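Report on the structure
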Amino acid sequence: MKVDLHNHTVLCNHATGTVAEYVEAAIACQTKYFGFSDHAPMHYDPTYRMRFDQMDVYESWIKEAQEQYGSKITVLLGYEIDYLPGYMEASVLDRPCDYLIGSVHFIDDWGFDNPEFIGRYAGADIDEIYRRYFALVESMAMSGKFDIVGHLDLLKVFKYLPTKDIRLLAGGALAAIKKANMSIEINVSGYRKPISEAYPSPLLMEQIAELEIPITFGSDAHCKEQVGLYTEQVEALARSVGYDKCALYRGRDREMIKF
């Protein structure tokens, strides 16, 4: 990936490796713009995110990487923020950085992409779960707080798929994303999960292209070995629906570059 904006650090408590190791892996993959967007702090589910008092540490790590590797690669600073009304804080949302990824990992108190809680899918109305999920994505876009939509159809992670056309279920969310002038990442982590495909799916990518919503790319790496995996597949997916440019952010400003 020429642009890779979604990657993590050990501060999220479920990743391994140093910032330098990730950057060096990105350089080896010929990435030109490499962004860290670790899980931002929040007074909810603290096990899987950095603490508030670690934000300065995180940012210092990224600054060190920018200084050390600046002649070889552009390293960018972002945050991935859970869209959880009542828990998102201005001290995070207003933090100076290059971009914010807005993601939905919870439906009420259910961390639906966590294998610990996979049992809650059993006997559930899957179409209704998808409706509720995309309603949250729609609200996230309407909030106007974020630049990039993280793993748009994450709910498919364990291959629990709706019977209703996914394009209809996601329609309101995509309209809100378009209106909010956000970008949608093509996130490769789905290839490492039971669903074995990128987020978003090819069907959703067709609709995203029809709406002319900008796209970008993310390894969503939680170890150095995951940096740049499946580059050919996701770039081919983007090109198959007509894209040849992707979004890059610096100081919350977007520019589109060829990939």
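For the structure itself, consult the block above.
Residues numbered from 1 in each chain as written. Predicted model: local features only at pLDDT ≥ 70, side-chain atom pairs only at ≥ 80, totals over all residues. Heavy atoms only, no water.

The subject of this paragraph is the overall build of the protein. Along the backbone of the protein there are eight helices and 11 strands. Here the protein has a C-alpha radius of gyration of 17 Å; the compact-globule value for 259 residues is 18 Å, and the two agree. Seen through its C-alpha atoms, the protein measures out along the principal axes to roughly 50 × 40 × 30 Å. Each of the 259 residues in the protein was classed as buried or not, and the buried ones make up 55%. Intrachain contacts of the protein at a sequence separation of at least 6 include 74% that bridge at least 24 residues. Positive and negative side-chain charges in the protein, numbering 26 and 38 respectively, have mean positions lying 4 Å apart. (Helix = DSSP H or I, 4+ residues; strand = E, 2+ residues; numbered from the N terminus. Rg over C-alpha atoms; globule rule 2.2 N^0.38 Å. Buried < 20%, exposed > 50% of the residue type's maximum accessible area, 1.4 Å probe, protein only. Contact = heavy atoms within 4.5 Å. Lys, Arg positive; Asp, Glu negative; His and termini not counted. Charge placed at Lys NZ, Arg CZ, Asp CG, Glu CD.)

Ranked by internal contacts, the top residues of the largest apolar core, which has 93 residues, are Phe134, Val137, Leu152, Ile177, Ile208 and Ile215. Residue contributions to this core peak at eight residues, all from helix H4 (residues 126-142). Once residues lying within four places of it in the same chain are set aside, the contact partners of Ile215 are Ile184, Ile186, Met205, Ile208, Ala238, Tyr243, Lys245, Cys246, Ala247, Met256 and Phe259. (Core = buried A, V, L, I, M, F, W, Y, C linked by side-chain atoms within 4.5 Å.)

With that settled, consider the sheet that holds strand S7 (residues 148-149). One open sheet accounts for seven strands, arranged S1-S2-S3-S4-S7-S8-S9; its pairing is parallel. Edge positions in the sheet fall to strand S1 (3-4) and strand S9 (215-218), since each has one partner strand and no second. Sheet strands in contact with helix H8 (residues 231-240) are strand S8 (183-187) and S9, and its direction is about 170° off that of S9. (Pairing = 2+ DSSP bridges. Axes fitted to C-alpha atoms, helices over the stretch in contact; angles between N-to-C directions.)

Of the pairings in the sheet, the one linking strand S10 (residues 245-250) to strand S11 (residues 253-258) comprises six bridges and is antiparallel in character. Considered in S11, the bridge of Tyr249 is made with Arg254. Hairpin connection, S10 to S11: the antiparallel pair is bridged by two residues, and Gly251 has positive phi, about 60°.

Another aspect to go through is H8. The periodicity of an α-helix, 3.6 residues per turn, causes residues three or four positions apart to be oriented the same way. For H8, the full list of buried residues reads Thr231, Val234, Glu235, Leu237 and Ala238. Take H8 and look down its axis: the buried residues cluster within an arc of 155°, on one side only. Opposite the buried face of H8, by more than 90 degrees, sit the exposed residues Glu232 and Ser240. If you follow the buried residues of H8, they end up packed against S8, helix H7 (202-210) and S9. Backbone geometry just downstream of H8 places Gly242 in the positive-phi region, at approximately 105°. (Arc of directions from axis to C-beta.)

Under the criterion given, the structure shown has 15 aromatic pairs. Consider the rings of Tyr121 and Phe158, whose centres lie 6.2 Å apart with planes at 80°: the pair is edge-to-face. Highlighted residues: Tyr121 in the loop between strand S6 (110-111) and H4 and Phe158 in the loop between S7 and helix H5 (166-169), separated in sequence by 37 residues. The same class applies to Tyr121 as to Phe158, namely buried. (Phe/Tyr/Trp six-rings, centres within 6.5 Å; stacked < 30°, edge-to-face > 60°.)

On to the packing of H4 against helix H6 (residues 171-179). Orientation of H4 relative to H6, taken along the N-to-C sense of each, is 10°, at an axis distance of 8 Å. Taken together, the axes of H4 and H6 are roughly parallel relative to one another. Contact residues: Phe134, Val137, Glu138, Ala141 and Met142 in H4; Gly172, Ala173, Ala176 and Ile177 in H6. For the contact of H4 with H6, the class distribution of residues is seven nonpolar, one polar and one charged. (Parallel < 35°, antiparallel > 145°, perpendicular 65-115°, else oblique. Nonpolar A, V, L, I, M, F, W, Y, C, P; charged D, E, K, R; others polar.)

A few words on the side chain of His222. Mapping His222 onto the fold places it in the loop between S9 and H8. Beyond its immediate chain neighbours, meaning those up to four positions away, His222 contacts His8, Cys12, His14, Ala15, Thr16, Tyr22, His39 and Arg192.

Moving on: the environment of Lys245. Along the chain, Lys245 turns up in strand S10. Remark: the alpha-carbon pair of Lys245 and Glu255, spanning 10 residues in sequence, is separated by 9.6 Å. In this structure, Lys245 is in contact with Ile215, Met256, Ile257, Lys258 and Phe259, ignoring residues within four places of it in sequence.

Here the bond from Tyr199 into Pro200 is cis, since omega is 0°, no more than 30 degrees from zero. The topology assignment puts Pro200 in the loop between S8 and H7. Even without a glycine there, the phi angle at Lys159 is positive, about 70°. With respect to the helices and strands, the residue Lys159 is situated in the loop between S7 and H5. A positive phi is found at Asn181, a non-glycine position, where the angle reads about 60°.

From the geometry alone we can't say anything about function, so treat these as descriptive.
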